[in-house]
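Residues per chain, in single letters:
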Amino acid sequence: MNNARNNKKIILVSLALIALIAVFGLAYKFLMPQPQTGSKNITFEVVIDGTTDKSYSISTDEEFLRKALESTEGLEIVGSESQYGLFVTEINKRKADDSKQEWWQFFKGDTPLQTGIDSTVIVDGDKFSAELTVGYPK
């Protein structure tokens, strides 16, 4: 009797986990931006001290931000590779100074990116920026 009750609980918990995984999978598929093939036009600004230092209009067939930026004439992005992709340390010869807690923060519109530039999907009309930021997040 006790074994039958435990088996039912195990089956119900297993079914609940399968349902939860299915919900998260569907949410990921439909809510997360998916790469788009074809030509896209985006803008990218480099911001230093609250002022746009340089602005780029980029026409690209790339699907992710890093590739689009790396193929942009006149834009130089330098960094170090990590398990999360490129950690940008320098843009157009302006290196972030660790001793001053400077770092390059990337935005889509006014919203900080929640992904690295390697995995940030671009869509026609997107507006991105990189701002030299002082003070590490706590």
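What you are looking at is a predicted structure, and each value in this text was computed from that prediction instead of being measured.

Q: Give me the sheet that holds strand β6 (residues 102-108): which residues, what numbers.
A: Read across the sheet, five strands follow the order β2-β1-β8-β6-β7 without closing on themselves; strand pairing throughout is mixed. With partners counted over all chains shown, the strands left at the sheet margins are β2 (51-60) and β7 (111-112), one partner each. Note that strand β1 (residues 40-48) and strand β8 (residues 127-134) share five bridges and pair parallel. Paired with valine 46 across the strands is alanine 130, a residue of β8.

Q: Requested: an account of the packing of aromatic side chains, with residues and values cited.
A: Counted under the stated rule, the structure contains one aromatic pair. Taking 6.2 Å as the distance between ring centres and 25° as the angle between the ring planes, the aromatic pair formed by phenylalanine 44 and phenylalanine 106 counts as stacked. Highlighted residues: phenylalanine 44 in strand β1 and phenylalanine 106 in strand β6, separated in sequence by 62 residues. Here the two residues phenylalanine 44 and phenylalanine 106 agree in accessibility, since each one is buried.

Q: Explain the pattern of salt bridges residue by residue, including any values.
A: Within the structure shown, the criterion is met by six salt bridges. A salt bridge links glutamate 81 to arginine 66; the nearest nitrogen and oxygen atoms lie 2.5 Å apart. On the criterion of sequence distance, the pair formed by glutamate 81 in strand β3 (residues 77-82) and arginine 66 in helix α2 (residues 65-70) is long-range, its members being 15 residues apart. When its relative accessible area of 53% is taken as the criterion, glutamate 81 is described as exposed. Because the salt bridges share partners, they merge into one network encompassing Arg66, Glu70, Glu81 and Asp118.

Q: How would you sum up a nonpolar patch on the surface? Please name residues and give values.
A: On the surface, Ile11, Leu12, Leu15 and Ile18 cluster together into a nonpolar patch covering about 430 Å² of accessible area. Following the sequence through the fold, isoleucine 11 ends up in helix α1 (residues 2-31).

About the criteria used
- Every residue gets a number counted from 1 within its own chain, in the order that chain's sequence is written.
- The predicted nature of this model means local features are confined to residues of pLDDT at least 70 and side-chain atom pairs, given and counted, to a pLDDT of 80 or more, with totals for whole chains, interfaces and linings taken over all residues.
- Side-chain measures here rest on the full set of heavy atoms in the structure, leaving out hydrogens and waters.
- Pairing between two strands is assigned when DSSP locates at least 2 bridges connecting them.
- Helix and strand assignments follow DSSP, with helices taken as H or I runs no shorter than four residues and strands as E runs no shorter than two, numbered in order from the N terminus.
- Side-chain rings of Phe, Tyr and Trp, where Trp is taken by its six-membered ring, are said to pair if the distance between their centres is within 6.5 Å; with planes under 30 degrees apart they count as stacked, over 60 as edge-to-face, and otherwise as tilted.
- Only protein chains enter the calculation, and the probe is 1.4 Å; a residue is then buried if its accessible area is under 20% of its type maximum, exposed if over 50%, and partly exposed in between.
- The term salt bridge refers to a side-chain nitrogen of Lys or Arg lying within 4 Å of a carboxyl oxygen of Asp or Glu.
- Here the term patch refers to residues with relative accessible area over 30% and no salt bridge, with like charges joined within 9 Å and nonpolar side chains (Val, Leu, Ile, Met, Phe, Trp, Tyr) within 5 Å.
- Only the protein chains shown count as cover for residues, with accessible areas throughout obtained via the Shrake-Rupley method and a probe of 1.4 Å.

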